[in-house]
Structure formats: C-alpha cells, structure tokens
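Examining the three-dimensional arrangement
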Amino acid sequence: MALLPLGSEARTIADLFASEPGNIFPLLTRTQRLDMVDYFNSGRVVQFENNLLGRSSLVELDSAYLKVLTSIAHQVEMRMRTVGKDTVITVIETVLTPVPDSRLTQWNAHWQRYVSDRLFKIPGIDDFIVKKMSRDLRADLQDAMIFPLVQLTFQGENHDTIEATHGLDRFLTPSEYKRFEPYLKPSISYHFDGLKIKPVKK
C-alpha cells in the first residue's frame, strides 16, 4: 500500500485504524482490524464477528480514507490529512437508524482528541433554512424536530468535502414535509481549513 509522508512518520489510515485504542472501535480487536485490512487489500470484503456477536466489515479503504460497518446499525468513516506537521484524523460515526444521525470528532496520530466547538459545529435545522418562514411555520418545524437528526458523510474523489443532510423527508410524513420543503436546502457542504471545518460559501 502506498505510504503518505505525514510529519516525521510515514503512516496510512490503515495504520491508524489498527492503532485506535478502542474509543472509536470498541467492538473490534486490533487483530480483527489488521485482518480486515489484509483481506481488503487482497480484494475481499469479509464480515468479522465483533464483540457483541454482530457482524463488522471494512468496505472502503485507500491510503487516507476508510469506511467500516461496525454493525448493521453503525458505520464509521475516517479521513487522514496533514495540518502543518501534524497528522489529523477526522472521524464521522453514524447511527444507521431509519433517519441516520452522525457525530464528528478529530484526533491526532496518538489518538488524543481535539476538543473545541470552534473547529466544527454540527448544523441545526435552522442552518438548512434558505427562505424566510412565517413564525407559525417555524414553530411547527421546531416542534417536529425536537431532536434534529443530521447525517454527515465524506464526499468527493479525495473525500475532502463533508456533506450534511437533515433527513426531514424521511423523518416526516410526505404531506408534512411538503409544507417545509420550499424553505429548506437539502444539504450543506463543508471544507477543511487547517483544523477547522467550515461551510462552503455559495
């Protein structure tokens, strides 16, 4: 596998996948992760029995990106990049409920987390509103989405864009969603800017 020079070490996302201490992959042992990479590199996607007796599989992998289905209801995407002389791993964990819901975290190569709301803020439903809503309609939308569910995914040939979608079309009935649809954009795109992840200006 091609290696990318990152800082003082040549590392790949597969190396970091194997070294993750269990905060992201508590269901998979280091040996299982290494085996997943070996099978994938030989052209096979193999399901492994995880620690909860479910099935996990590595489904995408290159030198800087991977996607793992840790169970039928959970997936993890990891994107490795260089910021200055440091290696940064951006991790998106998504619960695959009928309406997927994601969280994003960032880590260094030693799996120490960067904790700051100023680096990335997951969008709320208000961030998807593009046209002025009446007060009553906005109140109805807020009542419908007491717990906003937002899915994040890496996009682009190099997985260097993050797309956020609100999933309202799956959460609400078709007739209810039709009331709000004219006021909403279906997605928001983000780009990397150093350690920060910022909305793409349009």
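Scroll up a little and you will see the structure.
Everything in this summary refers to the structure shown in the same document. (Residues numbered from 1 in each chain as written. Predicted model: local features only at pLDDT ≥ 70, side-chain atom pairs only at ≥ 80, totals over all residues. Heavy atoms only, no water.)

**Re the sheet that holds strand E11 (residues 161-165)**
Spatial strand order, E10-E11-E12-E13: 4 strands in an open sheet with antiparallel pairing. At either end of the open sheet lies a strand with only one pairing partner, and these are strand E10 (151-155) and strand E13 (196-199). Neighbouring strand axes in the sheet, compared pairwise and without regard to direction, differ in orientation by 30° on average. Bridge count for E11 against strand E12 (residues 187-193) is 5 bridges, and the pairing is antiparallel. The residue of E12 that forms the bridge with threonine 165 is serine 187. (Pairing = 2+ DSSP bridges. Helix = DSSP H or I, 4+ residues; strand = E, 2+ residues; numbered from the N terminus. Axes fitted to C-alpha atoms, helices over the stretch in contact; angles between N-to-C directions.)

**Examining the pattern of salt bridges**
Summed over the entire model, instances satisfying the criterion amount to 6 salt bridges. For arginine 138, the salt bridge identified is with aspartate 126, shortest N-O distance 3.3 Å. Here aspartate 126 lies in the loop between strand E9 (113-114) and helix H3 (135-144) and arginine 138 lies in helix H3, a separation of 12 residues in the sequence. Of the residues examined, aspartate 126 reaches a relative accessible area of 44% and is grouped as partly exposed. Close ionic contact of aspartate 193 with lysine 198 constitutes a salt bridge, the shortest N to O distance being 2.8 Å. Look at aspartate 193 and you get partly exposed, because its relative accessible area is 36%. Given the relative accessible area of 32%, lysine 198 is considered partly exposed. (Salt bridge = Lys/Arg side-chain N within 4 Å of Asp/Glu carboxyl O. Buried < 20%, exposed > 50% of the residue type's maximum accessible area, 1.4 Å probe, protein only.)

**Comments concerning the sheet that holds strand E7 (residues 86-95)**
Pairing between sheet strands relies on hydrogen bonds along the backbone, with the strands arranged either parallel or antiparallel. If you trace the 7 strands from one edge of the open sheet to the other, you get E3-E4-E5-E6-E7-E8-E9, paired in antiparallel fashion. Each end of this open sheet is capped by a strand with a single partner; those strands are strand E3 (48-49) and E9. Where E3 meets strand E4 (residues 55-61), 2 bridges bridge the pair, whose relative direction is antiparallel. By the bridge assignment for E4, glutamate 49 is matched with arginine 55. Together, E3 and E4 form the strand contacts of helix H2 (residues 30-41), whose direction differs from that of E4 by roughly 50°. (Contact = heavy atoms within 4.5 Å.)

**Considerations on the pairing of E4**
Between the end of E3 and the start of E4, which pair antiparallel, lie 5 residues, with leucine 53 showing a positive phi angle near 65°. Pairing analysis gives 4 bridges linking E4 to strand E5 (residues 65-71), with the strands arranged antiparallel. Within the sheet, the bridge partner assigned to leucine 61 lies in E5 and is leucine 66.

In short, the description is geometric, and any link to function would need to be established separately.
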